[in-house]
Amino acid sequence: MRREASQEAVSQSGILSAGSAPRRYGRIALVGNPNVGKSVIFGALTGSYATVSNYPGTTVEIARAPLRTDAAVELIDTPGVHGLTPHSEDERVTRDILLAGVDGVVQIVDAKNLARGLAVSLQLAEAGVPFLLVVNMVDEAAERGMRVDTQALSEALGVPVLATVAVTGRGIAQLRAALGEARPSAYRVRYDPAIERAVTQIEGTLGGFPLSARVLALMCLAGDATLRDWLQRHISSRGLAAIEDAYRQVASQLSTSPPYEISRCRAREAEKLARAVTKRSEADFPASERSGRWEALGGLAFAGAAALLAGDLGVLPRLAGWPWRAVPWAAVGAAALGLGRWAGMRTAFGQWACHPRFGFAVLFVVLYVIYRFVGAFAAGTAVDFLENGVFGSYLNPVAVAVFDRVAGAAAQLGPAVGAGAAFLRDLLVGPYGLITVALTYAFAIILPIVSAFFLAFSLLEDSGYLPRLAVVVNRLFRGMGLNGKAVLPMVLGLGCDTMATLTARIMETRKERLVVTLLLALGVPCSAQLGLILGLFGALPVWAPAVWGVTVLGVLLAVGFLATRLLPGDTSDLILEIPPIRRPHLRNILLKTAARLEWYVREAVPIFVLGTFALFILDRLGVLSLLIRAGEPAVVGFLQLPARTAEAFLVGFFRRDYGAAGIYALFRQGELSPVQAVVALVTITLFVPCVANFFVIIKEHGLRTAVAMSAFIFPFAFLVGGAINAALRAAGLR
């Protein structure tokens, strides 16, 4: 293995000509391994997360945005890859973007895992695309006593190499200035002679494409089945036959498979290059990393937070009028201010968060803090202020008064004009009005909840905790045939199932995405609904929340277990790189939150408006009342609930919290016994997804899948509710 062209030869060809003006590129792709900071660099270069859309024919999202300093240059944030021979849909999308042609590539690598990133660099060099290399996270590498010689690496590859710390903005200005200097690399990996002969044999059939004939030949020899459709469209049947013959010859001449041999050669060359340009020094390690006292400090801080939680829950007693939670606050303050070393605390927290047993304690504390922020503050204080204060006291009354006056004035002009004005009035400010219901729901109720959740989620994402969460709960989700990644949309579902359904895209296979979507639609209550359910539990016997919780959790486990065995398709293993715990940066958190809120306003709000309009039409046609009467036999006869409960179930399809609120009101009015209240709460929790979630399922999986899920969930919820009713009455509970 060697570099085929010397630095002088490259310079003579004009690739490294220092006197030449930097070339301007129209489309630049950001490429790199997962979790190397591509999206952060993309945001820093563009100033936003810009246009996010599915890559054609896939569910994989890519982001495009103009360069902040030059709108003529478009940046594309590609999914993370481990190589150009795809093993997942994400990798195939990145390969297809390069195969379609780009004007330049910015490859980002993690300075701590340089060899893994250089394996991609070698393939970009073989592909002949102009690129420059960004060595990111050099600060974290320095903490581990590692320093990458970017000058030596640039000389070896023949492309510009820059060092950055993306989260702080270090090196971003230099990167922006160097975008036009991307160039092809002459570095080549030398493979086994049998592979080299096969590459030479089929290169002639693969010329004239954005990627070099050499890399396309190597993809074919590496067994890239996803490339076959593209080859059939672009080369002759004789060329396909030549590729197949070459593969068979190579396979017969090697002691190992061609894909393994190609991968092994690249990995070995990448390791060799990484060792040559990485300097190590024990003296570079900070004292905090060599000493255990900061780990003890991190443990003290977490213990204080846990004790704070216990005090807040009322577990610890009060002494002399002072809550015990004052003690953990003092411990946390001493840890943060008196000793104040972040490096040791983050190391300790990272270790605790991944611990097989203590990881669940960390998880409980984290979820409780999120619940207090999202469920108590956002869903309580913020929603109350917007719904009852801003919309309830000002905006909606003003809108109703305006349209009442307009309708009254129009009635004076004649029956036809008056009827039209009355119709418009009901459409906008009536019981299912687009202003009084759709916009109030979207902006007064959901917006503060998702804003808080997006903010908390961005904080967890930026800190590096989420991969640890997936590791901790992996064994639990394995029982349902999923892996630990499923916990992320499940946790999001406690904020809003509609948003969580979209995050199910993180699951690697279609089967897993379907199962997660089904579980979210079936039994994960959103924060608004959960708040009303918890409020009702305060007036019910102590056995009520236990029955509800065990039933819902048992249903989720059972349905998940059966769905993964009945649905066709494959499941994936949990393969995650665990990044270090990082100090969250406010700018990154706000940028990610703003981008997600932009998506919410642009895509989710129209769904709420459309759903409200559909209910308005059904109400005007009298279909809603027919549906309520049609549901009364099942509600009264099977569930043994009052007839008015049918209306709560129907409205629950429009808004889950409305359904729970209806049950809450019936209980307060004395129309529901405790047993009936529990039966109603179990049924409404497992009931069909709300209309917004239903439309998002259509968007993600198609109308047939959304209808099939609803057709299963609706009778299943009533069957479980009926079973709980029979069991509670058989137990003698009244």
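Residues numbered from 1 in each chain as written. Predicted model: local features only at pLDDT ≥ 70, side-chain atom pairs only at ≥ 80, totals over all residues. Heavy atoms only, no water.

Student: Can you break down the pairing of strand β5 (residues 104-110) residue by residue, with the values?
Tutor: A large share of β5 lies buried, amounting to 7 of its 7 residues. Burial along β5 is two-sided: Gly 104, Val 106, Ile 108 and Asp 110 and Val 105, Gln 107 and Val 109, pointing in opposite directions, are all buried. Strand direction decides the pairing type here: strand β1 (residues 27-32) and β5, joined by 5 bridges, are parallel. Paired with Gly 32 across the strands is Ile 108, a residue of β5. (Buried < 20%, exposed > 50% of the residue type's maximum accessible area, 1.4 Å probe, protein only. Helix = DSSP H or I, 4+ residues; strand = E, 2+ residues; numbered from the N terminus. Pairing = 2+ DSSP bridges.)

Student: Describe in detail empty space enclosed by the protein, supporting the description with residues and values.
Tutor: For the structure on display, the rule yields 3 cavities of 30 Å³ or more. Space inside the second largest cavity adds up to approximately 80 Å³. Lining the second largest cavity are 13 residues, with Ile 370, Phe 457, Leu 460, Leu 466 and Val 491 sitting closest to its centre. Contributing elements (two or more residues each) for the lining of the second largest cavity: α17 (358-411), α19 (434-463), α20 (466-472) and α22 (487-493). Each residue belonging to the lining of the second largest cavity can be placed in one class, and the counts come to 13 nonpolar, no polar and no charged. (1 Å grid on protein atoms, 1.4 Å probe; cavity = no way out; pocket = protein on both sides within 12 Å on 5 of 7 lines; lining within 4 Å. Points joined across faces, edges and corners; volume = space filled by probe spheres on them. Nonpolar A, V, L, I, M, F, W, Y, C, P; charged D, E, K, R; others polar.)

Student: Run through the confidence of the model for the chain, naming residues and quoting values.
Tutor: Residues at a pLDDT of 70 or more form 82% of the chain, whose mean pLDDT is 79. Contacts from residues 52-56, a stretch scored under 50 in pLDDT, to residues over four places away or in other chains number 15 contacts. Scored below 50 in pLDDT, residues 282-302 makes 41 contacts in the model with residues more than four places away or belonging to other chains. (pLDDT = per-residue confidence, 0-100. Contact = heavy atoms within 4.5 Å.)

Student: Summarise unusual backbone geometry; cite the residues concerned and give the values.
Tutor: One non-glycine residue with positive phi stands out, namely Asn 35, at about 65°. The phi dihedral of Gln 640 is positive, around 60°, even though this residue is not glycine. Tracing the chain through its elements places Gln 640 in the loop between α28 (623-638) and α29 (645-654). A residue is classified by how much of its surface remains accessible, and Gln 640, at 36% relative accessible area, is partly exposed.

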